[in-house]
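# Geometric and topological summary
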Amino acid sequence: MSVLSCHEVTKSFRKHSVLEGVHLSLEAGEIVGLLGLNGAGKTTLMRVITGLSTPDSGEVRLFGEALPMRPRQLDRLGAALDAPAFHRWSSGRAMLRTLLDTAGLPDGGRIARTLDRVGLTGAADRRLGTYSQGMRQRLAIAAALLKQPDLLILDEPTNGLDPEGLRMVRRIVAEEAARGAAVLVSSHQLDEIQRICDRVIMLAQGRVVAAGTLDALGYDPESGPAAFEDWFFGLVGNGGRQ
Ligand SMILES: Nc1ncnc2c1ncn2[C@@H]1O[C@H](COP(=O)(O)OP(=O)(O)OP(=O)(O)O)[C@@H](O)[C@H]1O
């Protein structure tokens, strides 16, 4: 059974079609990169998968069950999407505690471990209003990791992160997959995707234009980042722009 499957998913905003007949599936323990130019539909697809947005047609199944998810199933999903809303007077530690309390889960050292994994131990008790953009991004990743999800969805997790943060994301994604979680990660950092993903799915104007391992899609990993960029543009074209 796939951890995630999408079948013929479509979504429009007014008359603007954003997702068209999207098919995909993710298995436990694999890391899949979602690629596409600005406006290709990556975030919309992730919002549909996480139940934040309803598709116009098609089906999304998580852990074998069609959306919408039952509350207990929700705890099996961890997602960092968009810019999360933070209460500026709260702290990172307090925010994570609220998430655990809401889910009725015990801490058992989980909060401290998660803060450590994202490099926020030293800032854990600072007010969120004082966090930098990169620190907020780290906290969003921590929130997604907190419940040890079976499906981890990260929308451009390296946004605003320093080089050490890039390494951290790489390490976390690999650790989560090794633990058995399925990971779907979008990024404009083609070299990062090339390094960390087992498979890629390319979206262009809301359609999947390519999906598979880099090898199956005809990319030679030895040929380096510049070649990956050429390969990417060869598949997505110019995204419909003039
Ligand atoms: N709530 C909304 N209302 C209207 N249009 C929307 C809405 N959300 C997204 N769109 C449109 O859907 C299209 C896809 O947007 P989406 O954010 O999914 O793209 P993306 O691939 O994540 O882009 P980026 O790389 O810039 O983050 C865009 O044309 C966007 O303007």
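Above this text you will find the structure in question.
Reading the values: rules and limits
- Residues numbered from 1 in each chain as written.
- Predicted model: local features only at pLDDT ≥ 70, side-chain atom pairs only at ≥ 80, totals over all residues.
- Heavy atoms only, no water.
- Axes fitted to C-alpha atoms, helices over the stretch in contact; angles between N-to-C directions.
- Helix = DSSP H or I, 4+ residues; strand = E, 2+ residues; numbered from the N terminus.
- Parallel < 35°, antiparallel > 145°, perpendicular 65-115°, else oblique.
- Left-handed = near helix turned anticlockwise from the far one by under 90°.
- Contact = heavy atoms within 4.5 Å.
- Near = heavy atom within 4 Å.
- Polar contact = N/O pair within 3.5 Å; in protein donor to acceptor, adjacent residues only side chain to side chain.
- Areas by Shrake-Rupley, 256 points an atom, 1.4 Å probe, with all protein chains shown as cover.
- Buried < 20%, exposed > 50% of the residue type's maximum accessible area, 1.4 Å probe, protein only.
- Arc of directions from axis to C-beta.
- Pairing = 2+ DSSP bridges.
- Phe/Tyr/Trp six-rings, centres within 6.5 Å; stacked < 30°, edge-to-face > 60°.
- Lys NZ or Arg CZ within 6 Å of the ring centre and 35° of its normal.
- Expected span 1.5 Å × (residues − 1).

### Considering the packing of helix H3 (residues 92–103) against helix H4 (residues 110–117)
At a minimum axis distance of 10 Å, the contact between H3 and H4 shows a crossing angle of 130°. Overall, the two elements H3 and H4 adopt an arrangement that is oblique. Crossing handedness for the pair H3 and H4: right-handed. Residue-level inspection shows Arg 93, Leu 96, Arg 97 and Leu 100 of H3 in contact with H4, the latter providing Arg 110, Ile 111 and Leu 115.

### Concerning the site of the ligand
Around the ligand, the surrounding shell holds 13 residues, and the nearest of these are Gly 39, Lys 42, Thr 43, Thr 44 and His 188. Measuring from an oxygen atom of the ligand, one finds a side-chain N or O atom of Glu 156 at 3.3 Å. Here the ligand, which alone exposes 630 Å², has 59% of that area covered by the protein. For the shell around the ligand, the secondary structure elements donating two or more residues are strand E2 (16–26) and helix H1 (42–49). Among the elements that take part in the shell around the ligand, H1 stands out by supplying three residues, more than any other.

### Here's the deal with H4
Along H4, the residues classified as buried are Arg 110, Ile 111, Thr 114 and Leu 115. Viewed end-on, H4 has its buried residues packed into an arc of 130°, placing them on one side of the element. Facing away from the buried side of H4 by more than 90 degrees, the exposed set consists of Arg 113 and Asp 116. On its buried side, H4 packs onto H3 and helix H5 (133–145). Gly 119 sits one or two residues past H4 and shows a positive phi near 75°.

### Describing the environment of Glu 59
Along the chain, Glu 59 falls in strand E4 (residues 57–62). For the pair formed by Glu 59 and Phe 233, sequence separation is 174 residues and the distance between their alpha carbons is 29 Å. Apart from residues lying up to four places away in sequence, Glu 59 is in contact with Ser 5, Cys 6, His 7, Val 9 and Ala 66. A distance of 3.2 Å separates polar atoms of two side chains, one belonging to Glu 59 and the other to Arg 61.

### A word on the sheet that holds strand E10 (residues 207–212)
Pairing is mixed in the open sheet, where six strands are placed in the order E6-E7-E8-E3-E9-E10. Across the chains shown, the open sheet's two edge strands, defined by having one partner strand only, are strand E6 (77–80) and E10. If you compare each strand with its neighbour and ignore which way they point, the axes differ by 15° on average. In this sheet, strand E8 (residues 182–186) lies alongside strand E3 (residues 31–35) in parallel orientation, the contact comprising four bridges. Looking at E8, one finds that Gly 33 is bridged to Val 185.

### A short note on the pairing of strand E1 (residues 4–13)
Taken residue by residue, a regular strand's side chains alternate between the two faces of the sheet. Direction of pairing for E1 relative to E2: antiparallel, over a ladder of seven bridges. Across the sheet, residue Ser 12 finds its bridge partner in E2, namely Ser 17. Linking E1 back to E2 in an antiparallel pair, the connection comprises two residues, with Arg 14 at a positive phi of about 50°. In the sheet, E1 pairs with E4 via five bridges, with the strands oriented antiparallel. Residue pairing for E4: Thr 10 is matched across the bridge by Ser 57.

### Focus on the packing of aromatic side chains
One pass over the full model with this rule turns up zero aromatic pairs. A cation over a ring is seen here: Arg 76 above Phe 63, with NZ or CZ 4.0 Å from the ring centre.

### Overview of H5
Here H5 contains 13 residues, and its C-alpha end-to-end distance of 19 Å stays within 8% of the 18 Å for a straight helix at 1.5 Å per residue. Burial of H5 is extensive: 10 of the 13 residues sit out of reach of the surface. Residues Gly 134, Met 135, Gln 137, Arg 138, Leu 139, Ala 140, Ile 141, Ala 142, Ala 144 and Leu 145 constitute the buried set of H5.

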